[in-house]
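Structural overview
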Amino acid sequence: MPKKKNIDLKVQIGKLKLKNPVMTASGTFGYGDEYAEFVDLNTLGAIVVKGLSLKPKQGNPPPRIVETPSGMLNAIGLQNIGINSFIKKKMPFLRECKTRVIANFFGDTIDEYVKAAEKLSSVNGIDALEMNISCPNKQSGWIIFGTDPKVTYKVISAVRNSTNLPLIVKLSPNVTDISHMARVAEDAGADALSLINTLSGMAVDIQTRKPKLANITGGLSGPAIKPVAIRMVWECSKKVNIPIIGMGGIISSDDAIEFLIAGASAVAIGTANFIHPGITAEIIKGIRNYMSSKGISSVKEISGSIKC
Amino acid sequence: MNRTFKASVVENKKLINNHYLITLNPAVKIRKPKPGNFFMVAVDTGLDPLLKRPFSVHRWIDGNFQLLYRVVGKGTKILSEKKPGNVLDILGPLGKGFPAPKKNRQVILVAGGLGVAPVFSMAENIKNRAPLLFYGTKTKKSLLLIDEFRSLGIDPTVSTDDGSFGTKGNIINVLKRYLTRNSLPVTRYVLYACGPEVMLHALSHLATEYKLKGYIAMEQNMACGIGTCLGCVVKTRKGHKRVCKEGPVFPIEEIVWD
Ligand SMILES: Cc1cc2nc3c(=O)[nH]c(=O)nc-3n(C[C@H](O)[C@H](O)[C@H](O)COP(=O)(O)OP(=O)(O)OC[C@H]3O[C@@H](n4cnc5c(N)ncnc54)[C@H](O)[C@@H]3O)c2cc1C
Ligand SMILES: Cc1cc2nc3c(=O)[nH]c(=O)nc-3n(C[C@H](O)[C@H](O)[C@H](O)COP(=O)(O)O)c2cc1C
Ligand code: FES
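Residues numbered from 1 in each chain as written. Chains lettered and ligands numbered in written order. Predicted model: local features only at pLDDT ≥ 70, side-chain atom pairs only at ≥ 80, totals over all residues. Heavy atoms only, no water.

1. Some details on the overall build of chain B
- The helix and strand tally for chain B stands at five helices and 16 strands.
- Its C-alpha atoms give chain B a radius of gyration of 18 Å, near enough to 18 Å, the size a compact globule of 258 residues would have.
- Looking at chain B as a whole, 55% of its 258 residues are labelled buried.
- Summing over all exposed atoms, chain B offers an accessible surface of approximately 11,700 Å²; the carbon and sulfur share of this is 49%. (Helix = DSSP H or I, 4+ residues; strand = E, 2+ residues; numbered from the N terminus. Rg over C-alpha atoms; globule rule 2.2 N^0.38 Å. Buried < 20%, exposed > 50% of the residue type's maximum accessible area, 1.4 Å probe, protein only. Areas by Shrake-Rupley, 256 points an atom, 1.4 Å probe, with all protein chains shown as cover.)

2. A closer look at the site of ligand 1
Residues and elements named next belong to chain B.
- Around ligand 1, a shell composed of 18 residues is seen, among which R53, P54, L68, G75 and T76 lie nearest.
- Measuring from an oxygen atom of ligand 1, one finds a backbone N or O atom of G73 at 3.1 Å.
- Between ligand 1 and the protein, one listed contact pairs an oxygen atom with a side-chain N or O atom of T76 at 2.4 Å.
- If ligand 1 stood free it would expose 860 Å²; the protein chains cover 77% of that surface.
- Elements with a contribution of two residues or more to the shell around ligand 1: strand 4 (53–56), strand 6 (64–70) and helix 1 (74–80).
- Here the shell around ligand 1 gets four residues from one element, more than from any other, and that element is strand 4.
- Residues belonging to the shell around ligand 1 are distributed by class as follows: eight nonpolar, six polar and four charged.
- Counting contributing residues, the shell around ligand 1 receives three or more from each of domain 1 (4–93) and domain 2 (106–251). (Near = heavy atom within 4 Å. Polar contact = N/O pair within 3.5 Å; in protein donor to acceptor, adjacent residues only side chain to side chain. Nonpolar A, V, L, I, M, F, W, Y, C, P; charged D, E, K, R; others polar. Domains from an automatic or database assignment.)

3. Looking at the sheet that holds strand 13 (residues 213–217) of chain B
Residues and elements named next belong to chain B.
- Sheet architecture is open: seven strands sit in the order 11-10-9-8-12-13-16, paired in mixed fashion. Bordering the open sheet on either side are strand 11 (167–168) and strand 16 (249–251), each of which pairs with just one other strand.
- Judged from the five bridges that link them, strand 12 (residues 189–194) and strand 13 form a sheet pairing that is parallel. Considered in strand 13, the bridge of Y192 is made with Y215.
- Here helix 4 (residues 171–181) sits on the sheet and contacts strand 8 (106–112), strand 9 (132–137), strand 10 (157–160), strand 11 and strand 12; the angle it forms with strand 9, its principal contact strand, is near 150°.
- The strands that helix 5 (residues 197–210) touches are strand 8, strand 12 and strand 13; relative to strand 12, the one it contacts most, it runs at about 165°. (Pairing = 2+ DSSP bridges. Contact = heavy atoms within 4.5 Å. Axes fitted to C-alpha atoms, helices over the stretch in contact; angles between N-to-C directions.)

4. Some details on the pairing of strand 8 of chain B
All names here are of chain B.
- With seven of its seven residues buried, strand 8 lies for the most part within the structure.
- What you see with strand 8 is no split at all: Q106, I108, V110 and G112 on one side and V107, L109 and A111 on the other are buried throughout.
- For strand 8 and strand 12, the ladder comprises six bridges, and the chain directions are parallel. What sits directly across from L109, in strand 12, is Y192.
- Two strands pair when backbone bridges link them, and strand 8 and strand 9 are joined in this way by five bridges, in the parallel orientation. Its bridge partner being in strand 9, V110 is matched across the sheet by F134.
- Read from strand 8 through helix 2 (residues 116–125) to strand 9, the crossover connection turns out right-handed. (Right-handed = clockwise from strand over helix to strand, strands pointing away.)

5. Focus on the packing of helix 4 of chain B against helix 5 of chain B
Residue and element names in this part refer to chain B.
- Direction vectors running N to C along helix 4 and helix 5 enclose 20°, while the axes themselves pass 9 Å from each other. Overall, the two elements helix 4 and helix 5 adopt an arrangement that is roughly parallel. Our pair here, helix 4 against helix 5, has a crossing hand that is right-handed. Across from I171, I172, L175, K176, L179 and T180 in helix 4, the residues of helix 5 making contact are M199, A202, L203, L206, E209 and Y210.
- Taken together, the residues of the contact of helix 4 with helix 5 break down into nine nonpolar, one polar and two charged. (Parallel < 35°, antiparallel > 145°, perpendicular 65-115°, else oblique. Left-handed = near helix turned anticlockwise from the far one by under 90°.)

Printed below as a string of structure tokens:
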């Protein structure tokens, strides 16, 4: 059995090299600084920051979150401080962290996506971009970018042409065939895929007969969505040649390993950060222990090792 | 100091119907909470309930702390079943508490229902300032801590919705009557309040009418408690603010009501 020190956790997402496969999921880790008290940020594979837009966004009215069985619905509405404030106020801190910084971003129009990507690409210390296409498109009646293959292709290729940074595309799971969308993203030039974003859902208060969220619907995350996410990672990994970052309900190293086996090259931890703010470090430790107990020397051997 | 810690249940006592007082003993030394601060408590280790639940600090006694809570759903039900010796995962203290009152101000404490939990901790902190307390509940049976307030030297002015104790009606009207009769200029008063949203809303109208300054503790559904999920915002004059970070205590004039 290999000794602990021979365990290799390094993974590669396109050109992006990570010291281990554990990243944070966008929107669940703020801009990193709030978590420094709970976890040594230098131990993380990467920090993915809250979704950014060109201009600051106020987001949706409250209530914005509600718990559901083994999960939560959120309708934050992409509230964020905007790219300029992010660069000025948050990047100085993130630049000092010995981890990769991945900027998650979105826009209301293709032009906004392109401008956001260009702006973020020029910032020292940002190692990769993750584009969130699970948001509404102003130019086509607010239909989600990531649900129409033609629009998906268009917006990804436009961004692809405006950045040299590794480009990760975060897919919307609210489609009939996600593996088709994965192919579209690969064809449009994505270097990697992140999946899954939250599943569209709703909850109603039976006393008042009102929706529990002011926005009526919201995105479901947490352990409740894990089986769906695993299935989607597995399906997509068979259809594309680019690496997949798996997420959705990971709350333990066992969950993370399940994603890796199903076909993910790396994983992201989301809702679990709210429950245990130090969970990311625990998960890294757990993956290491699993490898050492199974005699696995490189984490890459686990990725896609599913037997079926 | 790390704000995640384990605490064992010292006592979990039913006070009145559905209302409990839990005393917790942290396994490590923790930061002393301020009145208005809160803790996020994992009521169980399973996946449902999933998120920690927020509770205001009620009392701090020699390194132990107490929470006063009402059973309203799954999480608080589980909490009410905890026995001495059970260990809970906790995060805190969190949020901005009530600021200390300026010198020469007459403090008016306003509590509605379980809002009395943090208001009591404020009262304890400033008992030498002879604060006034206006306290409203549904009925006599749901009144809490009356003796404890008296032992701080505070004689509560009480109202109940059904008139079973004190004045019948809502406590904001009682406060209003007090203010119309009193002799101090309004700038001498400062309000500290916690209670149901309808009460705080009514209080904010009163504050505008009488040009009163003060602070109110807000509530909102929470996931992280540390400012990262952006789930707990309230509308303020300066845009959305997070109850867990910029709050739970806000200057009364800052909140925008629907
Ligand atoms: C800063 C703050 C301080 C609080 N202090 C106290 C206190 O001292 N004593 C006390 O009894 N209660 C307090 N609460 C309210 C308490 O957190 C909720 O009653 C509790 O979370 C309900 O959990 P549940 O599982 O029993 O109810 P659920 O079945 O989850 O829901 C029942 C009700 O509780 C509300 N609720 C559900 N989840 C949350 C959540 N994550 N955060 C807030 N409300 C929620 C729902 O809107 C619903 O009306 C406080 C809340 C906040 C935000
Ligand atoms: C409160 C909250 C905010 C989120 N914000 C974003 C965001 O800004 N951009 C994004 O691409 N995904 C966002 N997500 C989705 C997560 O990154 C992740 O894809 C999803 O929650 C599934 O993982 P989980 O079950 O581990 O949370 C958010 C999720 C939550 C719960
Ligand atoms: S509870 Fe997450 S930001 Fe306040």
